[in-house]
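These are the residues of each chain, in order.
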Amino acid sequence: MRSLPSCLLIMCTLALTGCSHLPVSKQNASQERPTSASTDNPSKSNITNKDNATSTSKDTENKPPKAIKDTTTQINDKYLKAILEAEFTLQREGTEKAFGPFYKLTEQTKNTALAKHLLRIATATQNEQDIEKSANLVMSIAPHDQQAYALKFQVLAQSQRSNDAATLLESAIKHHVKLDFLPIYADENIRSNEIMGTLSDTLVLLPAQIKRNEFIQATKARLLFSQGHYTESAALTKTLIAAHNNLHKAPIYLILAYSQDQLGSRNKAIQTLEKGFANYPNEPQIITPLLNFLVQANQLKESKHVYQTAKLSPLEQIQAGIRYSNTLLTNKHPELALETLNHLPANHYGLQDQILYLKATALYQTGKKKAAIQSMQHVKGALLNSATNQMALWMYNEGREKDINKMVLDRTPPQYISDVVTTISQLHEEEHHPDLSWQLLTEALKKYPQSNALRYHKALLAENMNHWQDTIKELKVLLSKDPKNPQYLNALGYTLLTRTQDTKQAMNYIQQAYKYDPKDPAIVDSLGWGYFMLGKLKQATYYLNQAWQLYPDSDIAAHLGESLWQQKNYSQADSIWHQALQIRQSSPLLMDTIKRLNPSLIEKHATPQQKESTQ
């Protein structure tokens, strides 16, 4: 091996003595605190600890021992060269290839800086075995390293090893490691029944003295709440709030309030959150649910006071204002929502589109509909498509449906045109304006002729509008670009089968589609119906029954029932039709088939709406 430049050896030395750091990768492998996605629904919300929570339990009040000194302040050139080679492997080939060399070096040197670097590499691999293996090594070198305990605990919990998890927690307490990572982990996984179950099993296995640890108790409160034991979780959280400990209590207030609310005591829940707000006026996780409860209780004056007196940073104030305004709009209080949005800090921190969207919604709710649509026109970014869809709905309400297509085509960028045009086309069809849908698709294809999705939608719409010649034309264009596409082949084959006398050519397309996708129920149905048209009833029934098993659709039921009926299997046909009538809304094809072959079935089993559709 060629010799290494002395400057690079110095870099490695600096890295191991804490003057520099060895890069892991572009991916940030550090452990992050969770953030609450939503506090609107107590059964689904994450109840998180404050980011800088550093509390200790009564079991760890004794002064912890001094940190273990680095055993390798002097590292010989042999290790430095090996470390540099391992670092080159990390940069060239990634974390998976580098883990082995770094693990071996850490095991040999017992160097704490290298051990922490190994832990970051293992985390970046996302390999549970590597994470556990590196955590074990780090704990043997630095038995007070909290990150190693936290990462290993996650691995044990995810693999449902409750006995090992309990042993690990006992070891952490023994080495004076704070367990504040435990309630945070419970918050992150409150929707996972398996992990929450493992946490519950783990706590049961702990000795009585360790169970009294405040972080264990805080985790237990979360478990009780997630399991629906609201009376018990309320009692425990009251005890934790009253106790003199170093717990960060904002999430404890939250659990207590949600428990009270689930027990039917909304007023008590509000009082609890107000106490929490008094103690933590800078906590969004307290403020947001308090504002929600106050608005839902129609205590608008109180909610406004809470929002205005909260001690939030400008960014947090905007985020809280957005959530508050959304709650106000949901509960039909647009005036206060508009007032709140108009008084947000000038710097919107990239959230201006969310603010504009809510302002437009508030304007519409106050009756300023023209201004609302004009305001919504300015919404861009991630909310652009949602804004377009909302404006289309409003324009229908205002009788301006003929202005929708121009609005859509003018504001939609090329990367979104297929999804947006398809959505608006479907809206036109639902509003019984297939002509506007056809117009939109035609104009969009003039601008974006390469869009197969729009052309396929237009082909299907043409068939529904009885313009089946256009359907054939558009499908042939699509097949010229993608000749093996089973959906295009099936659509063309089925159109020829039902609209023309060219059954042979129709079956050729359908059989090709079946070859490429034999599990698509629409294709299997077309194949079965093709055999029916050819008079091959046994083959028809075989494929139609297969399609019915794949997807019990009313159109498939119409075809299968008619095939059975023609073979004089009347009771089986009636059974299929009866099931279809019970499963979902009727299709015109199903109702026409039953009316033609066995109209008495409609009187026996159809709903009033289904009967009306046959009149």
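Structure's up top.
Note that the coordinates shown come from a computational prediction; the quantities given were computed from them, not determined experimentally.

The rules behind the values
Residues numbered from 1 in each chain as written. Predicted model: local features only at pLDDT ≥ 70, side-chain atom pairs only at ≥ 80, totals over all residues. Heavy atoms only, no water. Helix = DSSP H or I, 4+ residues; strand = E, 2+ residues; numbered from the N terminus. Buried < 20%, exposed > 50% of the residue type's maximum accessible area, 1.4 Å probe, protein only. Areas by Shrake-Rupley, 256 points an atom, 1.4 Å probe, with all protein chains shown as cover. Expected span 1.5 Å × (residues − 1). Contact = heavy atoms within 4.5 Å. Phe/Tyr/Trp six-rings, centres within 6.5 Å; stacked < 30°, edge-to-face > 60°. Lys NZ or Arg CZ within 6 Å of the ring centre and 35° of its normal. Arc of directions from axis to C-beta. Core = buried A, V, L, I, M, F, W, Y, C linked by side-chain atoms within 4.5 Å. Axes fitted to C-alpha atoms, helices over the stretch in contact; angles between N-to-C directions. Parallel < 35°, antiparallel > 145°, perpendicular 65-115°, else oblique. Left-handed = near helix turned anticlockwise from the far one by under 90°. Nonpolar A, V, L, I, M, F, W, Y, C, P; charged D, E, K, R; others polar.

**Q** When you look at the overall build of the protein chain in this model, what are you seeing that I'm missing?
**A** Broken down by element type, the protein chain carries 35 helices and zero strands. Looking at the protein chain residue by residue over its 615 residues, the buried ones come to 49%. For the protein chain, the computed accessible surface area is about 30600 Å², with 49% contributed by carbon and sulfur atoms.

**Q** I would appreciate a short explanation of helix α14 (residues 266-279) in the present structure.
**A** Note on helix geometry: an α-helix contains 3.6 residues per turn, so any two residues three or four positions apart are oriented the same way. Helix length check: α14, at 14 residues, gives a terminal C-alpha distance of 20 Å against a target of 20 Å (1.5 Å per residue), a fit within 8%. Each element contacted by the buried residues of α14 is listed here: α13 (250-262), α15 (284-296) and α16 (300-309).

**Q** Hey, could you run me through the packing of aromatic side chains in this one?
**A** The description of an aromatic ring pair uses the distance of the two centres, along with the angle that the planes make with each other. Per the counting criterion, the structure on display carries 16 aromatic pairs. Consider the rings of Tyr258 and Phe293, whose centres lie 6.0 Å apart with planes at 80°: the pair is edge-to-face. Placement of the pair is Tyr258 in helix α13 and Phe293 in helix α15, with a sequence separation of 35 residues. Each of the two residues, Tyr258 as well as Phe293, counts as buried. Plain terms: the ring middles of Tyr514 and Tyr543 are 5.7 Å apart, the flat faces sit at 80° to each other, and that makes the pair edge-to-face. You can see Tyr514 sitting in helix α28 (residues 503-516) and its partner Tyr543 sitting in helix α30 (residues 537-550), a full 29 residues away along the chain. With a relative accessible area of 23%, Tyr514 lands in the partly exposed category. Judged by its relative accessible area of 17%, Tyr543 is buried. An aromatic cluster is present here, built from Phe225, Tyr230, Tyr258 and Phe293 joined pairwise through their rings. Residue placement shows Lys133 over the ring face of Tyr103; its charged tip is 4.4 Å from the ring centre.

**Q** What is the right way to read helix α32 (residues 570-583) from this model?
**A** The end-to-end C-alpha distance of α32 is 20 Å, a good match for the 20 Å that 14 residues give at a rise of 1.5 Å each. When α32 is considered as a whole, its buried residues turn out to be Ala573, Ile576, Trp577, Ala580 and Leu581. One side of α32 holds all its buried residues, which, seen down the axis, span an arc of 135°.

**Q** Explanation requested: the nonpolar core in the structure shown.
**A** The tendency in soluble globular proteins is for nonpolar side chains to be buried as a group. Membership of the largest hydrophobic core comes to 133 residues, with the highest contact counts inside it found for Phe153 and Val421. Those residues in contact with Val421 that sit more than four places away from it in its chain are Val408, Leu409, Leu440, Leu441, Ala444 and Leu454.

**Q** Where do I start with the packing of helix α6 (residues 146-158) against helix α7 (residues 162-174) in this structure?
**A** A pair of packed helices can be characterised by two numbers: the angle between their axes and the separation between those axes. Interhelical geometry of α6 versus α7 gives an angle of 165° and a closest axis separation of 9 Å. When the axes of α6 and α7 are compared, the pair comes out roughly antiparallel. You can see that α6 and α7 cross each other, and the crossing is left-handed. Across the interface between the two elements, Tyr149, Lys152, Phe153 and Leu156 from α6 touch Asp164, Ala165, Leu168, Leu169, Ser171 and Ala172 from α7. Its residues assigned to classes, the contact of α6 with α7 comprises seven nonpolar, one polar and two charged.

**Q** Mind showing me how you'd approach the side chain of Thr471 here?
**A** Its location among the elements puts Thr471 in helix α26 (residues 468-481). Taking the relative accessible area as the measure of exposure, Thr471 reaches 2% and is therefore buried. The residues touching Thr471, leaving out its near neighbours within four places in the chain, are Ala459, Ala462, Glu463 and Thr495.

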